[in-house]
Amino acid sequence: MATYEPKNILITGAAGFIASHVANRLIRNYPDYKIVVLDKLDYCSNLKNLNPSRSSPNFKFVKGDIGSADLVNYLLITESIDTIMHFAAQTHVDNSFGNSFEFTKNNIYGTHVLLEACKVTGQVRRFIHVSTDEVYGETEEDAVVGNHEASQLLPTNPYSATKAGAEMLVMAYGRSYGLPVITTRGNNVYGPNQFPEKLIPKFILLAMRGQPLPIHGDGSNVRSYLYCEDVAEAFEVILHKGEVGHVYNIGTKKERRVIDVAKDMCKLFNMDPDSSIKFVENRPFNDQRYFLADEKLKSLGWSERTVWEEGLKKTIEWYTSNPNWWGDVSGALLPHPRMLMMPGGVDRLVDGPENADFDSADVAINTSQIGVQIPSSKASGIAPKKPALKFLIYGKTGWIGGLLGKLCEKQQIQYEYGRGRLEDRSQLLADIQTIKPSHVFNAAGVTGRPNVDWCESHKTETIRTNVSGTLNLADVCREHGLLMINFATGCIFEYDAKHPEGSGIGFKEEDTPNFTGSFYSKTKAMVEELLKEYDNVCTLRVRMPISSDLNNPRNFITKIARYDKVVNIPNSMTILDELLPISMEMAKRNLRGIWNFTNPGVVSHNEILEMYKKYINPEFKWVNFTLEEQAKVIVAARSNNELDASKLKKEFPELLSIKESLIKYVFEPNKQQ
C-alpha cells in the first residue's frame, strides 16, 4: 500500500478538542510537515489546547472562519496547502435543537467553502473530512454487527443532519471534480482539553464540585468512547494510508450505558451513586445506540490502545490539575446547556464598510468582534432626553471597531454599532435618528482582500467606501451637529528629500501627501483633503497598528513575525492599547482637524523583532530583504515614513514614545518567563 506524504497541512478547528490533539501529534512527530491551523476561537475552542505546539517552527496559527472564502483561498495559495484535515464544526447536539441554523452555516456552508477553494486552486492532494457516527442514526439494540462504511445515512437530529449534508457535498465534489476526498465517522471521544458541555468532562467537573451528575432520560442509552490520543493516532494513520474516495469508521466495540459512565465516575470520586446521580428530562430525540464496524480502519494498522479505566483516570487527573482551563463554565454544566455560539469569533476579509477595518499596508485579515451595548442605568428623577455620552461606531467587524466597543464597556459608556452601509445615506440617517448618539466613530473602510493589492483591481469598490461612504457619514453627522472621529491612515507619505529616513524630521498634519504608490493610499489622501471642508471631523492618521494581542493576524508584530522575509525600515507606528483610549478622550474634548495618531518617534522592523526575541521567543530568527526584492512580490508599493506626533504629544503629554510604548503595552505583558 502506497504511503501518502503531505508537505503543508491546513487543519480547521484546531483549537478545539479532537483537532488540537491531532495537530499537536503531527507537529510533534513530523517536523518536516508545515502545519497551519485555522480556528475562529468559538466558545468551545481554546488556544491553550495548542500550547505544546506554539513554539514549534513548523506551526502557524490563523484566527479565522472557514466561511470566509477570501481567507480560505488566501491561505491555500500563500501557504501552498496540499492537504486539508477538516475538523471545524458545531458539534453539541443540545445546541442544535435550539440554534439549528448556526449548525447549517458552520457545518454545511463552511464545508462547501473549503471544497470550492480546493476546486478553484487545484492544488490539494488530500481532503480529509471529519464526520460523526451519528449520521448513521440509531442502531438497533440487538444488532451484533455495527454500521459499516456503506450503511445508509439516517440522521435523527439537526446536528447529525448537517454533518450528513456536508458529507454529501464532499462526496459530490469528489465525483464531480475529482477532488481527492476521504471521510471519517467516529464514535464519542474523551480526554484532556474537551469543553465541558460533553458528558465526561461535565461529569468530572460536577463531581469535583460535589454536585449531582445529570442524566438525560433513564441513562440506558449506549455509547462507545475512545480516548483522544487513540483517535489522534487514527487520523495519523488515515492521513498517510487512507485511500482517496473511501470512508473510515473510527470506533470501538466496547460500549457503555450512560448510567454506567456516571457510576464509574462516582466510584472514582468516592461518591454515592444513588444520591449523586440525577435523572433529568430527555432530549427531544436521543438515539438509543450508535454501533460501528471498525474492521476497515484496523486493516490499515490502527487499533485502540487505551482501556477505559486508564483513559478515564488520565482525564480526571488532567481536569483536577487544570480546573480553570475553560474559565467560567457554569452554563455548560447545566443539564441542558445552550452555549452561545459566537459569530463574533469569525475572521473575515474585508468586503465593504460593515466587514472593514482601517489601515495597514500589509496583509489585511480582519478580526470580527461583537460588541455589547451597555444599557443606561436607571436614574432617579427626570432622566435627560439624551445621555451625556453615547457612541455610534461603524466598523463593527473590524479590529478597531471591535476594540472600541470593548473600551466603551470598560469605561461604561453607552454605545451601539451602526447598521447602515456607508454608501447608503438613508441607512445612515436611520442610524442617527434611532440611536441618537453624542459622537460618531468611523472605523470602517476598505483595505483590500487579502491586502492593499486588491484595491488596484477593484478601484470602484474602493472609492465607493473609502471616499463616497466616508463623505456621506461626515455630511450626515454635520447635519445633526455631531462630531465624527475618523480613523484614517498615515500611509499617504513617503520619505523624501525634506523628510529623509533617519533624520527625525517627520511629516506634519498640514503637509501635502506625497505617496501615490497604491490606489488605496490615493483614496485615503483624497478623502482626507475633502474632509477638511467639514468642521465636525477629527481625522486620526493611524500607521502600522500594534496591540498587546500577539495572536491577532492584523497586528503588525504578528504579521512580520510570520513572514519568511522582512524589510528593515524605521516607521511611525500606532500602539492601540495606548492610543485608542486617547481617541475616546479626544471625542470627549470635541477635538477636530487632522492628527498624526502615532506614538512619537520611529522603530524599525529589526528593532521590533529584536524585542520579540528578547521578550517572547529567544529562539526566534528572521531574514531581511531589500525594498527592491519586496517590490517583486507585491503589486502596489508600500508607504514608509515618519509622522511628527508633537501636536498629539502637546495635547496628551503622558503619551509614550514608540519604543517605550512597545515595551510597556506589548512586550512586558506578553513576556515569557
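A quick note: this is a predicted structure, and the numbers were derived from the prediction, not measured.

### Looking at the environment of Asn 466
One can find Asn 466 in helix 15 (residues 459-479). With relative accessibility at 0%, the residue Asn 466 sits in the buried group. Taking the C-alpha atoms as reference points, Asn 466 and Ala 525, separated by 59 residues in sequence, lie 9.9 Å from one another. When sequence neighbours within four positions are dropped, the list of residues in contact with Asn 466 reads Gly 445, Val 446, Tyr 520, Thr 523, Lys 524 and Val 527.

### So, the nonpolar core
Core analysis: the biggest nonpolar cluster contains 70 residues, and Ile 11, Val 37, Met 85 and Ile 200 have the highest contact counts within it. Here this core gets 8 residues from one element, more than from any other, and that element is helix 7 (residues 228-241). Setting aside its immediate chain neighbours within four residues, Val 37 contacts Ile 11, Ala 14, Ala 23, Leu 50, Phe 59, Lys 60, Phe 61 and Val 62.

### What to know about the packing of aromatic side chains
Scanning the model with the defined rule gives 18 aromatic pairs in all. Seen from their ring centres, Phe 103 and Tyr 159 are 6.3 Å apart, and the 75° between their planes marks the pair as edge-to-face. Residue Phe 103 is located in helix 4 (residues 100-121), and its partner Tyr 159 is located in helix 5 (residues 158-177); the two are separated by 56 residues in the primary sequence. Grouping residues by exposure puts Phe 103 and Tyr 159 together as buried. Ring centres of Phe 620 and Trp 622 lie 5.9 Å apart, and the angle between their planes is 25°; on these two criteria the pair is classed as stacked. Of the residues examined, Phe 620 reaches a relative accessible area of 10% and is grouped as buried.

### Comments concerning the pattern of salt bridges
Summed over all chains, the structure comprises 27 salt bridges. With its nearest N and O atoms 3.8 Å apart, the salt bridge here joins Asp 82 to Arg 125. With Asp 82 in the loop between helix 2 (69-78) and strand 4 (83-86) and Arg 125 in the loop between helix 4 and strand 5 (126-132), the pair connects residues that are 43 residues apart, well separated along the chain. Shared partners join several salt bridges into a network, and the residues in it are Lys 253, Asp 294, Glu 295 and Lys 298.

### Some words on the environment of Tyr 290
Examined against the element boundaries, Tyr 290 turns out to sit in the loop between strand 12 (277-280) and helix 10 (295-298). Of the residues examined, Tyr 290 reaches a relative accessible area of 3% and is grouped as buried. Taking the C-alpha atoms as reference, Tyr 290 lies 9.2 Å from Glu 141; in sequence the two are 149 residues apart. Excluding residues that lie within four positions of it along the chain, Tyr 290 makes contacts with Asp 133, Glu 134, Gly 137, Thr 139, Asn 157, Asn 187, Val 222, Arg 223, Ser 224 and Glu 255.

### Some remarks on the sheet that holds strand 9 (residues 222-227)
Taken in spatial order, the 3 strands of this open sheet run 7-9-11, and their pairing is mixed. Only two strands of the sheet have a single neighbouring strand rather than two, namely strand 7 (188-190) and strand 11 (255-257). In this sheet, neighbouring strand axes are inclined to one another by 50° on average, regardless of whether the strands run parallel or antiparallel. Direction of pairing for strand 7 relative to strand 9: parallel, over a ladder of 3 bridges. Bridge pairing in strand 9 places Val 189 opposite Leu 226. The sheet strands contacting helix 7 are strand 7 and strand 9, and the helix crosses strand 9 at an angle near 75°.

### Description of helix 16 (residues 519-531)
Here helix 16 is 13 residues long and its end C-alpha atoms lie 18 Å apart, about the 18 Å a rise of 1.5 Å per residue gives. Within the sequence span of helix 16, burial applies to Phe 519, Tyr 520, Ser 521, Thr 523, Lys 524, Ala 525, Val 527, Glu 528 and Leu 531.

### A few points about the sheet that holds strand 19 (residues 537-542)
Spatial ordering of the open sheet is given by 16-15-17-18-19-20, a layout of 6 strands whose pairing is parallel. Edge positions in the sheet fall to strand 16 (414-417) and strand 20 (593-596), since each has one partner strand and no second. Ignoring strand direction, the axes of neighbouring strands in this sheet form an average angle of 20°. Relative to strand 17 (residues 439-442), strand 15 (residues 390-394) runs parallel, the two sharing 4 bridges. Paired with Phe 391 across the bridge in strand 17 is His 439. Each of strand 15, strand 16, strand 17 and strand 18 (483-489) touches helix 12 (residues 399-411); the most contacted strand, strand 16, lies at about 155° to it. Lying over the sheet, helix 16 contacts strand 18, strand 19 and strand 20, oriented at roughly 150° with respect to strand 18.

### Structural notes on the confidence of the model for the protein chain
Counting all residues, the mean pLDDT for the protein chain is 87, and 89% of those residues have values of 70 or more. Per-residue pLDDT stays below 50 along residues 339-387; that stretch engages in 184 contacts with residues further than four places along the chain or on separate chains.

### As for helix 2
When we look at burial in helix 2, the residues that qualify are Leu 71, Val 72, Tyr 74, Leu 75 and Leu 76. After helix 2 finishes, the residue Ser 80 shows a positive phi value of roughly 50°.

### Details of the pairing of strand 9
Most of strand 9 sits inside the fold, with 6 of its 6 residues counted as buried. Residues of strand 9 alternate between two faces, with Val 222, Ser 224 and Leu 226 on one and Arg 223, Tyr 225 and Tyr 227 on the opposite face, all of them buried. The sheet contact formed by strand 9 and strand 11 spans 3 bridges and is antiparallel. Considered in strand 11, the bridge of Arg 223 is made with Arg 256.

Scoring rules and cut-offs
Residues numbered from 1 in each chain as written. Predicted model: local features only at pLDDT ≥ 70, side-chain atom pairs only at ≥ 80, totals over all residues. Heavy atoms only, no water. Helix = DSSP H or I, 4+ residues; strand = E, 2+ residues; numbered from the N terminus. Buried < 20%, exposed > 50% of the residue type's maximum accessible area, 1.4 Å probe, protein only. Contact = heavy atoms within 4.5 Å. Core = buried A, V, L, I, M, F, W, Y, C linked by side-chain atoms within 4.5 Å. Phe/Tyr/Trp six-rings, centres within 6.5 Å; stacked < 30°, edge-to-face > 60°. Salt bridge = Lys/Arg side-chain N within 4 Å of Asp/Glu carboxyl O. Pairing = 2+ DSSP bridges. Axes fitted to C-alpha atoms, helices over the stretch in contact; angles between N-to-C directions. Expected span 1.5 Å × (residues − 1). pLDDT = per-residue confidence, 0-100.

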